[in-house]
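Fold and geometry: a report
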Amino acid sequence: MALEREKHIAERALLTMDDVQIIDLYRRMVLIRRFEEKTAEMYSRGKITGFCHLYAGEEAVAVGAIAALYDKDYVVSTYREHGHCLAKGAAPRAVMAELFGKATGISRGHGGSMHLFDANLRFMGGYAIVGGGLPIAAGLGLAVKYREEPEVVCCFFGDGALPQGAFHESLNLASLWKLPVVFICENNFYGMGTMVQNAICQEELYRFAEPYKMPGVRVDGMNVLEVYQATVEAAARAREGDGPSLIEAVTYRFRGHSMSDPAEYRSRREERIWQERDPIKQLRRKLLQDRRADENQLTTVETEVNAIIEDAVRFAEESPEPALDTLGKLVYVEDDGTAQS
Amino acid sequence: MAEITYREALNQALREELDHDERVFIMGEEVGYFGGAFKVTDGLLATFGEKRVRDTPISELTIVGAGVGAAMGGLKPIVELMTINFGLLAFDQIVNSAAKIHYMFGGNAKVPMVIRAPQGAGHQLGAQHSQSLEAYFLHCPGLRVVIPATPADAKGLLKSCVRQDDPVMFLEHESLYGVKGEVPDGEHFVPLGQANVMREGKDVTLISYSKCVYDAIAAAEALENEGIDAEVIDLRTLNPLDIGTVVESVKKTARAIMVYEGWRTGGAGAEIAAQIYEAAFDHLDAPVERVATLDTPMPYNARLERAALPSAAQIVQAAERLM
């Protein structure tokens, strides 16, 4: 039923955007996809190590939601955050260099794939404990409200976070204090290898909004325009002082939980069905069909993105490792000279 | 200079810091209308209002996590955990978020937050309400661990904590709130990482913090009658740790006793003893002793509880063994 309602939303979103904005959505989604494909390649070549959770397939959620925000709005994310970070405007060079563990990385090589951060972009970090970002997002919302500023905090998390206490505590607090937070649940049906129905008593995840007295909607997370429009509405509500919202974006990760997961708990048939719903292909078809862009423009975007990704890899390869004598530094603010009280 | 209680000293520090900096606010369970479970925040709501003295639901994980977010967003939260025992529910946000954020984000973020929590035993509150957990936090890089014994230090250290930029576990002892002492009026800061030599002596060094400092002083007085001259050091902060003052003292006395209310095994005393061995092994005439809480959940029965906790009598016995 919820999906029925959302069908019209995409059309509405399309009408509010000019061609430049729409092509930019396409560009961002392609950028994330190519970035993740290249990341997988670099991982298999041993250039990237550690845990690495790819976002391919879910691009419409990050891009749609973040396009609905202002630059000064905050984003809080998870360990599957390359897409959110890039969508918020991070330089692919800085993100790729972080995955390579280099000193030029966005977190100076201290964070890796799961801990990207950029204060200037108000990308407030990737957190690698399931549900760990939600209380922090509530706190950022509190800071905004405390200073009577107009910003909104957009908090991404997976379906795996819903059974966590942090989810319920944070929704309660955000609603109780009317904090300007947009909670976006990326429901990709699996918390690691466990299906949603084996982990959560209520499979319609957006319904958790109701007990916490906030609006809850389910949108097609493979449709960037639906995600965009739902976030526009939730962010407007937050900005007006009416408090948080919960958006459930139904999506699918095209790869396993992490690089080491071949996803044997899913059928190849299921994967094929979702790949046919590829959010990038869908938007491409839509743009051509509605004559909002022509083949030439979109091919140009793809070529440009490829060059950006190649450049990012080159930059990461050529960047220096963090110096060994940096070890033990940056543990305390007071010790590294950045204190300012 | 006025003689006030540890509780009043903390209240004064909070009041002054709220007054000093608009970014400072307090949140926690019962900190507002109730005035704090131990009345430390009493009267602050009336002066500063609900925006800056915020009652929260019973959600320790999210109170601390929201403190982390608020601090990253430019505020200076002082979060009260009703007791450290409940703080275990917030352990994830303390250890995985607060302590890590500055480092794992490459120094680009900071979490200037003070987490205040009462701890300690002695009131027959049983196994889940009587713990002293400073060692858990001492173990974790990225956290400051501050643990005052006197009213003057309670005020001076709390104000210093609010003025610095790292996350702090500020651990108060439930038995100390009514203890009185001279406290400087107005701006009084005690720097982090400076131990206080409470009593000078030449025969044995008693190294302590929090409530056990008083047991150490009582023991030192008892030892004086036996002709044993004990030096008493109040560490005041465990991170940063003023090991220099400790080592200097031990080099003089050649004997050391760690006195602390955490469990004996894996306690702060074990770490400090190790550092003494590393820095002053050749100066020692005897092994470092530990007088600490017995390795058991705290019993309810008063006699059993007293026996489980460190005491002046145990310190005296330990000193006699060392001589």
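Residues numbered from 1 in each chain as written. Chains lettered and ligands numbered in written order. Predicted model: local features only at pLDDT ≥ 70, side-chain atom pairs only at ≥ 80, totals over all residues.

1. Some words on the overall build of chain A
We count it as follows: Runs of E in the DSSP output that reach at least two residues are strands. Runs of H or I that reach at least four are helices, and both are numbered from the N terminus. For the radius of gyration, the atoms used are the C-alpha atoms, and the globule rule reads 2.2 Å times the number of residues raised to 0.38. Buried, partly exposed and exposed are defined by the number of other C-beta atoms within 10 Å of a residue's own C-beta, namely 20 or more, between the two limits, and 12 or fewer respectively, with C-beta atoms placed from the backbone. Our contact criterion uses C-beta atoms placed from the backbone: two residues qualify when those atoms are within 7 Å.
A tally of helices and strands in chain A yields 11 helices and eight strands. In terms of overall dimensions, chain A is globule-like: its C-alpha atoms have a radius of gyration of 19 Å, near the 20 Å expected for 341 residues. Over its C-alpha atoms, taken along the principal directions, chain A stretches across nearly 55 × 50 × 40 Å. Residue burial in chain A is summarised as follows: out of 341 residues, 55% are buried. A fraction of 75% describes how many contacts in chain A between residues 6 or more apart in sequence connect residues 24 or more apart.

2. A few points about the pairing of strand β3 (residues 153-158) of chain A
Two faces, one strand: in a regular strand the side chains alternate between the faces of the sheet. Residues and elements named next belong to chain A. Our working rule: When DSSP finds two or more bridges between two strands, those strands count as paired.
For β3, the tally of buried residues reaches six of six residues, placing the bulk of the element in the interior. By the alternation rule, side chains of β3 split into Val-153, Cys-155 and Phe-157 and Cys-154, Phe-156 and Gly-158, which are all buried. Both strand β1 (residues 74-77) and β3 contribute to a ladder of three bridges, which runs parallel. In the sheet register, Val-75 faces β3, and the bridge partner there is Cys-154. Taken together, the six bridges between β3 and strand β4 (residues 181-187) define a ladder with parallel strand orientation.

3. A word on the sheet that holds strand β9 (residues 196-199) of chain B
All names here are of chain B. Filter applied, for reference: Axis definition: a line fitted to C-alpha atoms, limited for helices to the stretch in contact. Angles are taken between N-to-C directions and run from 0 to 180 degrees.
Strand order in this open sheet of five strands is β9-β11-β10-β13-β14, and the pairing throughout is mixed. Every interior strand has two partners, whereas the edge strands, β9 and β14 (289-293), have only one. This sheet shows a mean twist of 25° between the axes of neighbouring strands, independent of strand direction. Here β9 pairs with strand β11 (residues 230-234) via three bridges, running antiparallel. By the bridge assignment for β11, Arg-199 is matched with Val-232. This element, helix α9 (residues 212-225), spans β9, β10 (204-208), β11 and β13 (256-263) of the sheet and lies at about 170° to β11.

4. Comments concerning the sheet that holds strand β7 (residues 216-220) of chain A
Residues and elements named next belong to chain A. What the six strands build is an open sheet, ordered β2-β1-β3-β4-β8-β7; its pairing is parallel. The sheet is open, and its two edges are formed by β2 (123-126) and β7, each paired on a single side. Geometrically, the sheet is characterised by an average inter-axis angle of 15° between neighbouring strands, direction not taken into account. Helix α3 (residues 59-67) rests against β1, β3, β4 and β8 (245-250) of the sheet, and its axis sits at about 165° to β4.

5. So, unusual backbone geometry
Going from B:Asn239 to B:Pro240, the amide bond is cis rather than trans, its omega being 0°. Mapped onto the fold, B:Pro240 is located in the loop between β12 (237-239) and α10 (243-253). Positive phi values are uncommon outside glycine, yet A:Arg108 reaches one of about 60°. Relative to the helices and strands, A:Arg108 resides in the loop between α5 (92-99) and β2. You can call A:Arg108 buried: it has 23 C-beta atoms within 10 Å. A positive phi is found at A:Lys178, a non-glycine position, where the angle reads about 50°.

6. Looking at the interface of chain B and chain A
What counts, and what does not: Residues were grouped as follows: Ala, Val, Leu, Ile, Met, Phe, Trp, Tyr, Cys and Pro as nonpolar; Asp, Glu, Lys and Arg as charged; and all remaining residues, including Gly, as polar.
Between chain B and chain A, the contact holds 34 residues from the first and 37 residues from the second. When contributions to the side of chain B that touches chain A are tallied by element, the ones reaching two or more residues are α3 (60-72), α5 (91-98) and α6 (101-104) of chain B. The class makeup of the residues in the side of chain B that touches chain A is 12 nonpolar, 16 polar and six charged.

7. As for the environment of B:Ala117
Residues and elements named next belong to chain B. Inspection of the secondary structure assignment puts Ala-117 in strand β5 (residues 114-119). With 23 C-beta atoms packed within 10 Å, Ala-117 lands in the buried category. Expressed as a C-alpha distance, the spacing of Ala-117 and Val-95, which sit 22 residues apart in the sequence, is 15 Å.

8. Thoughts on the domain arrangement of chain B
Where interface size is given, it is often the accessible area lost as the parts come together that is meant. All names here are of chain B. Selection rule: Note that the domain bounds were set by an automatic or database domain assignment.
Under the domain assignment used here, chain B contains domain 1 (2-183) and domain 2 (196-322). For domain 1 versus domain 2, the separation of C-alpha centres amounts to 26 Å. Contacts between the two partners involve 24 residues from domain 1, matched on the other side by 22 residues from domain 2. Sorting the residues of the side of domain 1 that touches domain 2 by element identifies α7 (134-138), β6 (144-146), α8 (151-163) and β7 (168-173) as the ones contributing at least two each. Partitioning the side of domain 1 that touches domain 2 into residue classes produces 13 nonpolar, eight polar and three charged.

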